[in-house]
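# A look at the structure
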Amino acid sequence: MKKRVAVLFCGFEPLDSEAQRIRFQRASAQTATQWNCKIETGALSGSLAHPYFDVVASGPNWRTETRFYLLEHSSVIAALREPSLPSQIARGFGAFLGVIAEGGLTRYFRWAWRFGLFFLFPFLLMLLALTATAGIGFAPLYAELSPLHLLWSLPAAYAFFRYVFLPRAERLHTMLLFSNWRLALAMARQNDERANRRLKDFESGLLEALSQPADEYLLASHSMGSNWAVHTLGTVLEQKPDVLSGKKVTFATFGGALLQCALLRSAKNLRSRAELILKHPNVSSLEVQCLTDPVHFYKAPVARALGLPDVEQPPMVQMRVKRLLTPDHYRRIKYDILRIHRQYVMGTDIRAPYDFGLMVAGPFPAADFAKFDYEAMPPIGPEGQLHER
């Protein structure tokens, strides 16, 4: 693989394009260390709507050039978090009820019970906190004391919520997850104006990426980014059916959360676009999954879950976080579920069959990573040389 175009539909993280580029630069530096090769990451270029940077990776007998487009939606996340805290809480619970009304909860537990628990967690936590806050605030009335005692109990309740609960909830990403579910519902219904405008940006960015000459086009998505990727590529295929003619395209999801939105009743366009992609003769699909990551649909047959029993299930690549990091590093992050969920697009401490930097910048077609494991590692020797296969 000498020339590649990669497009990453970023996950639900408040990171702009430059922050995403810096993270990849760190990840690729770790890749270069593990595989004893050289990876040079350029500066951000292109437009604000769809920026890119160039990456050159090389070893003694190979060289691969990659143009890497970053399609992130941090501006949409920022808008979701602009309202006051009470408004965010109320709208978050509105999304919670909306997901349940659209059949999401039962379908989550049907296809990936751990994702169902992930859905419930922030809302149950907030309900518990609000109940405790109300209990503190109205304790004098429960104890049949004078209402004058509310003068101390109500401020105490506020202090508990503001200074005890919220800092701990922030470490658990509670309010970020409230926004995540609001966006999930919007991606299913396509009724958020700002998100729809961003999708238009992504469509033009994808068309620009596909216009570049390359041996391979890697369309990658992380987490919630899978929904943006399916909407974007699916819409482009609807409008320009021949856009992938003569191209080798790999559609790869990393901890993909397509079913987070696609299982909702209103997501008809999303499901039809997913079908278009999965059936396209020029697209090879690939799913990277992880047992210890509850924030995706582990081992769920996405085609069957979408109501496409005759469509072949994309091959799955299993990432083992514990075998990517040093014991001390893993010990520090193993209880942070969102940090585990980000590992798909981060660097490794140890040479392993799955390496995000190597997939994006290295000499192997992305589809080859479905064949690699600890018994058949990527064929790069100890001096960084590429072995013939």
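Located above this text is the structure these notes cover.
The notes below deal with the structure included here. Every chain begins its residue count from 1, and numbering advances along the sequence as written. Local features in this predicted model are restricted to residues whose pLDDT is 70 or higher, and side-chain atom pairs enter the listing and the counts only when it is 80 or higher, whereas totals over whole chains, interfaces and linings include all residues. Just so you know, side-chain values use all the structure's heavy atoms and leave hydrogens and water out.

Let us now look at the nonpolar core. We define a nonpolar core as any set of buried Ala, Val, Leu, Ile, Met, Phe, Trp, Tyr and Cys residues linked to one another through side-chain atoms lying within 4.5 Å. A simple rule labels every residue: compare its accessible area, found with a 1.4 Å probe on the protein chains alone, to the largest value its type can have, and call it buried under 20%, exposed over 50%, or partly exposed in between. V7, Y108, F119, W181, L183, W228 and F297 are the most contacted members of the largest nonpolar core, which has 81 residues in total. It is helix 8 (residues 174-189) that provides the largest number of residues to this core, a total of 11 residues. Not counting chain neighbours up to four residues away, the residues in contact with F119 comprise F96, V99, I100, L105, Y108 and W181. Listed in part, the 43 residues of the second largest apolar core include L286, C290, Y354 and F369. Only DSSP runs of H or I covering at least 4 residues are called helices, and only runs of E covering at least 2 are called strands; the numbering of each starts at the N terminus. Residue contacts are counted whenever heavy atoms from the two residues lie within 4.5 Å of one another.

So, about the state of the cysteines. As used here, a disulfide is simply a covalent bond connecting the sulfur atoms of two cysteines. Count a disulfide wherever a pair of cysteine sulfur atoms falls within 2.5 Å. Scanning all chains against the criterion turns up 0 disulfides. Of the cysteine sulfurs around C10, a residue in no disulfide, the closest is that of C261, at 16 Å.

Turning next to the packing of aromatic side chains. Here a pair means two rings of Phe, Tyr or Trp (six-membered ring of Trp) with centres within 6.5 Å. Their orientation is stacked below 30 degrees between planes, edge-to-face above 60, and tilted elsewhere. This model, assessed by the stated rule, comprises 29 aromatic pairs. Aromatic side chains F24 and F68 sit 5.1 Å apart centroid to centroid with 80 degrees between the ring planes, which places their arrangement in the edge-to-face category. With F24 in helix 1 (residues 17-35) and F68 in strand 5 (residues 62-71), the pair connects residues that are 44 residues apart, well separated along the chain. Assessed through its relative accessible area of 3%, F24 is described here as buried. Under the relative-accessibility criterion, F68 is labelled buried at 1%. Aromatic pair F93 and F96: ring centres 6.4 Å apart, planes at 90 degrees, arrangement edge-to-face. With F93 and F96 both in helix 3 (residues 85-101), this residue pair falls 3 residues apart, about one helical turn.

So, about the packing of helix 9 (residues 193-210) against helix 10 (residues 225-239). All axes here are fitted lines through C-alpha atoms, helices being fitted over the stretch that makes contact, and every angle between N-to-C directions spans 0 to 180 degrees. Packing of helix 9 against helix 10 brings their axes to within 9 Å, and their N-to-C directions diverge by 60 degrees. The crossing of helix 9 and helix 10 is right-handed. Seen from helix 9, the contacting residues are A195, R198, L199, F202, E203, L206 and L207; seen from helix 10, they are W228, H231, T232, L233, T235, V236 and Q239. Left-handed describes a crossing whose near helix is turned anticlockwise from the far helix through less than a right angle; right-handed describes the clockwise counterpart.

As a further point, take the side chain of R182. As for its placement among the helices and strands, R182 is situated in helix 8. With no salt bridge to any partner, buried R182 finds its closest opposite charge in D192, at an N-O distance of 6.6 Å. If we ignore the near neighbours within four places in the chain, the residues touching R182 are L80, Q88, R91, G92 and A95. Charge counting treats Lys and Arg as positive and Asp and Glu as negative, with His and both chain ends excluded. Between Lys or Arg on one side and Asp or Glu on the other, a salt bridge is scored when a side-chain nitrogen of the former is within 4 Å of a carboxyl oxygen of the latter.

It is worth spelling out a nonpolar patch on the surface at this point. Patch members must show over 30% relative accessible area and no salt bridge, and they are joined within 9 Å when carrying like charges or within 5 Å when they are nonpolar side chains of Val, Leu, Ile, Met, Phe, Trp or Tyr. Here, Shrake-Rupley sampling with a 1.4 Å probe gives the accessible areas, and only protein chains in the shown set may cover a residue. On the surface, a cluster of nonpolar side chains totalling about 400 Å² of accessible area is made up of F138, L141, Y142 and L154. Inspection of the secondary structure puts L141 in helix 6 (residues 139-142).

Next up on the list: the pairing of strand 6 (residues 216-222). With 7 of 7 residues buried, strand 6 lies mostly within the body of the structure. Residue alternation in strand 6 divides its side chains into two sets, E216, L218, A220 and H222 and Y217, L219 and S221, and both sets are buried. The pairing criterion is simple: DSSP has to find at least two bridges between the two strands. Relative to strand 6, strand 1 (residues 3-9) is paired through 6 bridges, and the arrangement is parallel. Across the sheet, V7 pairs through a bridge with L219, a residue of strand 6. Bridge analysis of strand 6 against strand 7 (residues 249-254) gives 6 bridges, and the strand direction is parallel. Looking at the pairing, H222 lines up with F254 of strand 7.

Attention now moves to the side chain of E72. Note that E72 resides in the loop between strand 5 and helix 2 (74-80). Within the buried core, E72 has no salt-bridge partner, and the shortest N-O distance to an opposite charge, that of R198, equals 4.2 Å. Reaching out from E72, the side chain makes a polar contact with the side chain of S17 at a distance of 3.0 Å. Identification of polar contacts relies on pairs of N or O atoms within 3.5 Å, with a donor-acceptor requirement for protein atoms, meaning one able to donate a hydrogen and the other able to accept it, and with residues adjacent in sequence counted only if both atoms are side-chain atoms. At 2.7 Å, the side chain of E72 forms a polar contact with the side chain of S74.

Structurally, M175 is set in helix 8. Along the sequence, M175 and V99 sit 76 residues apart, while their C-alpha atoms lie 17 Å from each other. Leaving out residues up to four positions away in the same chain, M175 has contacts with R81, L85, Q88, I89 and M126.

The next thing to look at is the pattern of salt bridges. Within the structure shown, the criterion is met by 17 salt bridges. The salt bridge partner of R23 is E13, with a shortest N-O separation of 2.6 Å. Taken as a pair, R23 in helix 1 and E13 in the loop between strand 1 and helix 1 lie far apart in primary sequence, 10 residues in all. Here R23 and E13 have matching classes, each one buried.

By themselves, these are just geometric observations and shouldn't be taken as functional.
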